[in-house]
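The residues making up each chain are set out below.
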Amino acid sequence: MKDKIKIFLDSDLLEKYLIGLTTDQENLQVERYIALYPEVRDAYNELQDNLEAYAKMYAIPAPEGLKEQILNGLKTDKVSSRRFLRYAVAASVAMLLFAGASYFFWSENQMLQQENAIVNSKIESLEADMREGLEDVRNQFIVLNNPQTKKLNIKGNTKAKELKAVAYVNPVKKLSYINVSKLPNLPENQCFQMWAEVDGKMINLGIIQEATEKDKLLALPYADKAMGYITIEPEGGNEKPTVSNIVANITY
């Protein structure tokens, strides 16, 4: 029985159930295990608490003033529609007299539609960012809570002795992250930059800084026998890594 429970807990059914990615049949299985086995119920409650904490930590606030902008746009749209209707009726009585006014309000309505389209585009972009952010939080949650995740302590070489980082690699889920907790001080004209070598291609992961929070993670592209590097580069970063300035290697 214990082996059966362990196999269930080692799977990702609980995580998928929490975020609504399970099938109806999987839902029944998960709910039955939660009801029957205290170990599963305790793990489920712990995952719930962790997921809620992660969601709050990485919640993406809506841009300031976006709500007011949308409401003002909707109010303006209603006002313009009423004006347009009123002048359209008047134009049917004296079309030549009010042709210019009709065109003016038509143009105004077109401009309003363009403004609303811009607002809608911003909302869609925000929703996409939120979906991407939540997906990243979900992946981090899985990596940090999955027993199959490997934890690799990273230290800098002689050029960056104070550098400390931890890489989290899950070969089953094919996910990998790194938390850079300590970086040495550099001159103002230099910076630390992160790289990943995946399938023979070097990927620029951008300039890195110390994580302000313990669990702030940077995603690493996952692949078999992938390599990660931290280098010292000129201020603003480099297009290619400076091999002579590699301060840390991460084999994952």
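Since we're looking at a predicted model, the values are computed, not measured. (Residues numbered from 1 in each chain as written. Predicted model: local features only at pLDDT ≥ 70, side-chain atom pairs only at ≥ 80, totals over all residues. Heavy atoms only, no water.)

1. Description of the packing of aromatic side chains
No. 1: In this structure the tally under the stated criterion is 3 aromatic pairs.
No. 2: A centroid spacing of 5.9 Å and a plane angle of 55° characterise the contact between Y17 and Y44, whose relative ring orientation is tilted. Here Y17, found in helix α2 (residues 13-18), pairs with Y44, found in helix α4 (residues 38-57); they are 27 residues apart in sequence, far enough to count as distant.
No. 3: Grouping aromatic residues by their ring pairs yields a cluster made of F8, Y33 and Y37. (Phe/Tyr/Trp six-rings, centres within 6.5 Å; stacked < 30°, edge-to-face > 60°. Helix = DSSP H or I, 4+ residues; strand = E, 2+ residues; numbered from the N terminus.)

2. A short note on unusual backbone geometry
No. 1: Backbone geometry at D199 places phi at a positive 55°, although glycine is not the residue there.
No. 2: With respect to the secondary-structure elements, D199 resides in the loop between β4 (190-198) and β5 (201-208).
No. 3: Positive phi, close to 60°, is recorded for K225, a residue that is not glycine.
No. 4: Inspection of the secondary structure assignment puts K225 in the loop between β6 (218-220) and β7 (227-234).
No. 5: Accessibility expressed as a relative area gives 79% for K225, which makes it exposed. (Buried < 20%, exposed > 50% of the residue type's maximum accessible area, 1.4 Å probe, protein only.)

3. What about a negative patch on the surface?
No. 1: Taken together, the side chains of E39, D42, E46 and D49 make up a negatively charged region of the molecular surface.
No. 2: Along the chain, E39 falls in helix α4.
No. 3: A relative accessible area of 41% means that E39 is categorised as partly exposed. (Patch = residues over 30% accessible without salt bridge, like charges linked within 9 Å, V, L, I, M, F, W, Y side chains within 5 Å. Areas by Shrake-Rupley, 256 points an atom, 1.4 Å probe, with all protein chains shown as cover. Salt bridge = Lys/Arg side-chain N within 4 Å of Asp/Glu carboxyl O. Lys, Arg positive; Asp, Glu negative; His and termini not counted. Charge placed at Lys NZ, Arg CZ, Asp CG, Glu CD.)

4. Re the confidence of the model for the chain
Atom-level detail of predicted coordinates should not be read off regions where pLDDT is low.
No. 1: Here the chain averages 79 in pLDDT, while 74% of its residues score no lower than 70.
No. 2: Element-level mean pLDDT values for the chain span from 53 in helix α5 (residues 66-93) up to 96 in β7.
No. 3: Here residues 77-81 scores under 50 on pLDDT; set against residues more than four positions off or in separate chains, the count is 6 contacts. (pLDDT = per-residue confidence, 0-100. Contact = heavy atoms within 4.5 Å.)

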